[in-house]
Amino acid sequence: MSRMGGWSRRYLHATRTIANLYDYGLQVEQKIQQQLGNSPERVRMNLFGAINHALATALETNDRAVVFGEDVAFGGVFRCTTELQQRFGGHRVFNTPLSEQGIVGFGIGLAVQGFHAIAEIQFADYIFPAFDQLVNEAAKYRYRSGGLFDCGGLTVRAPCGAVGHGGLYHSQSPEAYFCHTPGLKVVMPRDPVRAKGLLLASIRDRNPVIFLEPKILYRSSFAQVPLEDYLLPLGKAEVVQSGEDVTLIGWGAQVQVLCQVAERAKEKMNLSCEVVDMMTLLPYDLETIAQSVKKTGRVLISHEAPITNGLGAELAAALQEQCFLYLEAPIFRICGYDTPFPLANEQYYLPSLDKCLDAVQQLIHY
Amino acid sequence: MATWQHSSEMLKRLTERIQSKSSLSCHLRSLAQFGQLCLRRFSWSQHCTSQKICQSGFLHDSHSLLLRRYSASGSEYYFPGAVGAPYTDKLELIAGEKEGRVPCFRIMNEYGEISSNIAKEYHPDHQMEPSVMTSMYQHMLKLHVMDTMLYSAQRQGRISFYMTSFGEEATAIGSAAALETADVIFGQYREQGVLLWRGFTYRDFCNQCCGNALEPAKGRQMPVHYGSKELNFVTISSPLATQIPQASGYAYGMKLSNSKNITVCYFGEGAASEGDFHAALNFAATLECPVLFICRNNGYAISTPAKEQYRGDGIAGRGLAYGIDSMRVDGNDLWAVYFAVKEGKRRILQTSRPLLLELLTYRGGHHSTSDDSSRYRQKNEIELYSERLSPLRRMKRFLAFRNCWNDEMDEKYIEEQRKELLTALEEAEKAPKAPLEDLFHDVYDQLTPNLERQKTMLFEFLEREKHPTHFS
Ligand SMILES: Cc1ncc(C[n+]2csc(CCOP(=O)(O)OP(=O)(O)O)c2C)c(N)n1
Ligand SMILES: [Mg+2]
């Protein structure tokens, strides 16, 4: 009884603060959209800096938050956990033995007790030894116990995506495997501001979240990131750029490519493209994309992962159900091919700007 | 209490014996006794009847035999999960972390001197031709030159990635020299020396690192993911530890085919934390697979030091728990590695059982070209291990004592090798890349209709791109 009371009080308290933080997150968005520029509470950060900053915020605001994984103590191979151990102590930020199934299972155990367990998998390509813990355990904890137990405090971070020289095992985008798993949330940010707000939201969300970080952006994507604690809502897509003729849907690093496609389509074909970043891949925001497609009547979905049974297939199926009578052309997908991720021919494998632009042209002339 | 004193005294005596005698078979025997001792600490006095069963091995005992023994002894019950475990009325625990360590077999000290106690059968002067000794050292040097040059080639942007085996040259060359090419290798990624010994040329290495069309995997994988069918070296895969249970399976197949050879599996002490390692050892033990597990324990898994990787007595200490004979060897001593692997293979073939070999060494270089190890280890630590314990330095001194090698020869050889490598690298850089359609091949044995369509679409797109007029 008393335990239940404790839970619900803490929960209420948590939701109240979270609601405030979301409000702040939306304000941040507005500020950014208004191009307010350098305000004193912002600092220019790259994506790994923003992740680091978000982790520090998570550790600061909840002393029952812990960060762990392979090589996390010295800062992590991508520097995302730099200096966290010095600041928060070896009992809260620590190395684990080299075992992904161990890392996730251990995290679930902590989360079941109410901790914010923030686990790092060194590369998304190496998440598969933990597949069972994620898919059969984390995802089903609440359902199978009727809500008696849950591991909502679990967040699993993993770098993903192409980098130009990663080959088969340092390039994959495994989101679709996890998007096929009811009970998990899957998130992928496109820039440092989103990374911080979405990561904090993932950590404080009461469901297990897989947070995939496009590693090509770690050092290349910069932004003025607010220092305040803020959250961006999970389950919400964002219209990055509005347009009338074609809807371009993507997530993670591919959003950047799609923004360039929009720019080039404007220059070369005088087309106005609407770019939508899904941000949360499960549960996804059908409303926002359907609204966009009803306006434009043409859609291109693009992701790095192989096309067959990728998330693009799901979005296309759902969109045609919602928008059938609005469509002027079939829904196009420009994605990775149905091959392992290659090294030598990576540039041909990728859904490049030119391939996407070519697809836009075909969509228009269909 | 008395039993504890008794066993710790035994332990002391055993350790002394191990230290005084350097013969490897004695070492092995001692290790086995050491293991049994630990188990028996639980109850030293009441083991007489059960010991017979222990020795005969429960794997081979038929059920009816067990039942007969059970009814004969009366007072003991044989639980199927631990047949032969005697009852005790003392609640004692088996320490998870015992005092003392499995000793480390060494033939040659850091000054290149051979231990005076070493048995003839493990004495290089008695067992090897000077020309072979020199050749082994030359291969270590060759490896060192290749690592140095390809490391700096990466720094110059000529290749995308590299991993050196600095400080671990003896683990690869010593083990490779003790095997035959027909012994099949499942490696991790830091065992390029094995390939080098087997005849993989600088050209082969450079082709793979440049990812050109001349290498068998058609440039699909990152550098250092070598493979060679004719040299029985299964292509390297980045996900750690996956090769270990595969090696057990391969070895089982070799046994079914009555092969005279074994499967050899290399991995790091970090990879040994993965579930796959534990599954692999358990499978190899229960299914009696002729596989030699070689752990290169170099003290680090990227930045994670061994002391954060495991508790207990390293990797050799785990053999006992799986019922696998184990050896621990100084991995920086070429001769200890060589004779341990030779003896290991002999025993595997003789018993048709797996064997676990832990090579204690030190990762002299950064984890890879993506790593900067000064962030997590002291400079003086690297100096101590890399210079004082250098496997190259001791071999050079060993050969110098025998007038087989000197500094001048060293310099000359290194210079020749550098030239050879440079030529190979330049040629590999110039060689063409695999044709684009290769992107779609080897996913399956044949192109699927889906892949066929995707291939066509890619080429049509490239064709359109060539004629930009199509873009309005
Ligand atoms: C399943 C998996 N997890 C993580 C990694 C990333 N990784 C590559 S090497 C390495 C350390 C391996 O250390 P060890 O096995 O001791 O070998 P060493 O590098 O010391 O030779 C790690 C964590 C990986 N390749 N595969
Ligand atoms: Mg290691």
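Residues numbered from 1 in each chain as written. Chains lettered and ligands numbered in written order. Predicted model: local features only at pLDDT ≥ 70, side-chain atom pairs only at ≥ 80, totals over all residues. Heavy atoms only, no water.

### Some words on the side chain of Asp150 of chain A
All names here are of chain A.
Okay, so step 1: Note that Asp150 resides in the loop between helix 6 (141-144) and strand 5 (154-160).
Okay, so step 2: A polar contact is formed between the side chain of Asp150 and the backbone nitrogen of Gly152, at a distance of 2.8 Å.
Okay, so step 3: The residues touching Asp150, leaving out its near neighbours within four places in the chain, are Ala111, Val112, Tyr141, Arg142 and Arg206. (Helix = DSSP H or I, 4+ residues; strand = E, 2+ residues; numbered from the N terminus. Polar contact = N/O pair within 3.5 Å; in protein donor to acceptor, adjacent residues only side chain to side chain. Contact = heavy atoms within 4.5 Å.)

### Observations regarding the UniProt feature "domain: Dehydrogenase E1 component" (unreviewed entry) in chain B
Okay, so step 1: Within the UniProt annotation, "domain: Dehydrogenase E1 component" (unreviewed entry) is assigned to residues 138-435 of chain B.
Okay, so step 2: Across residues 138-435 of chain B, helical content stands at 48% and strand content at 11%; the span's end C-alpha atoms are separated by 37 Å. (UniProt positions renumbered as here; feature names shortened; annotations may be inferred.)

### Remarks on the sheet that holds strand 2 (residues 233-234) of chain B
All names here are of chain B.
Okay, so step 1: The strand order across the open sheet formed by 6 strands is 2-1-3-4-8-7, and the pairing between neighbours is parallel. Every other strand in the sheet has two partners, leaving strand 2 and strand 7 (325-330) as the edge strands with one partner each.
Okay, so step 2: Looking at chain direction, strand 7 and strand 8 (residues 355-360) are connected through 6 bridges and run parallel. Within strand 8, the position partnered with Arg328 by the bridge is Glu358.
Okay, so step 3: Against the sheet, helix 11 (residues 275-286) touches strand 3 (263-268), strand 4 (291-297) and strand 8, its axis set at about 150 degrees to strand 4. (Pairing = 2+ DSSP bridges. Axes fitted to C-alpha atoms, helices over the stretch in contact; angles between N-to-C directions.)

### With respect to the coordination of the magnesium ion (ligand 2)
Residue and element names in this part refer to chain B.
Okay, so step 1: Looking at the magnesium ion (ligand 2), one finds its protein donor set to be Glu269 (OE), Asn298 (OD1) and Tyr300 (O), positioned 2.1 to 2.3 Å from the metal centre.
Okay, so step 2: Between the donor residues of the magnesium ion (ligand 2), the gaps in sequence give the motif E-x28-N-x1-Y. One end of the pair, Glu269, is in the loop between strand 3 and helix 11; the other, Tyr300, is in strand 5 (residues 300-301), and 31 residues separate them in sequence. When sorted by exposure, Glu269 lands in the same class as Tyr300, which is buried. (Donors = N, O, S within 2.8 Å, 3.2 Å for Na, K, Ca; no water. Buried < 20%, exposed > 50% of the residue type's maximum accessible area, 1.4 Å probe, protein only.)

### So, the packing of helix 9 (residues 202-210) of chain B against helix 17 (residues 407-430) of chain B
Residues and elements named next belong to chain B.
Okay, so step 1: Relative orientation of the contacting elements helix 9 and helix 17 amounts to 40 degrees, with a least axis distance of 8 Å. Comparing their axes, helix 17 and helix 9 come out oblique. You can see that helix 9 and helix 17 cross each other, and the crossing is right-handed. Contacts between helix 9 and helix 17 involve Tyr202, Arg203, Cys206, Asn207 and Cys210 on the former and, on the latter, Gln417, Glu420, Leu421, Ala424, Leu425, Glu427, Ala428 and Glu429.
Okay, so step 2: For the contact of helix 9 with helix 17, the residue count by class is 7 nonpolar, 2 polar and 4 charged. (Parallel < 35°, antiparallel > 145°, perpendicular 65-115°, else oblique. Left-handed = near helix turned anticlockwise from the far one by under 90°. Nonpolar A, V, L, I, M, F, W, Y, C, P; charged D, E, K, R; others polar.)

### Some details on the site of ligand 1
Okay, so step 1: Lining the immediate surroundings of ligand 1 are 22 residues, of which Glu100 of chain A together with Tyr189, Arg190, Asn298 and Tyr300 of chain B lie closest.
Okay, so step 2: Those residues lying near ligand 1 are distributed over chains A and B.
Okay, so step 3: Backbone polar atom of Ser238 of chain B to a nitrogen atom of ligand 1: 3.0 Å apart, as the coordinates give it.
Okay, so step 4: Protein contacts shield 97% of the accessible area of ligand 1, which totals 580 Å² for the unbound molecule.
Okay, so step 5: Classifying every residue of the shell around ligand 1 gives 9 nonpolar, 7 polar and 6 charged. (Near = heavy atom within 4 Å. Areas by Shrake-Rupley, 256 points an atom, 1.4 Å probe, with all protein chains shown as cover.)

### Examining the environment of Glu121 of chain B
All names here are of chain B.
Okay, so step 1: Turning to its location among the elements, Glu121 is positioned in the loop between helix 4 (63-73) and helix 5 (124-127).
Okay, so step 2: In this structure Glu121 comes out as partly exposed when scored by relative accessible area, which is 43%.
Okay, so step 3: Taking C-alpha positions, Glu121 is 8.7 Å from Phe339, a pair spaced 218 residues apart along the chain.
Okay, so step 4: Contacts of Glu121, omitting those with residues within four sequence positions, involve Gln127 and Phe339.

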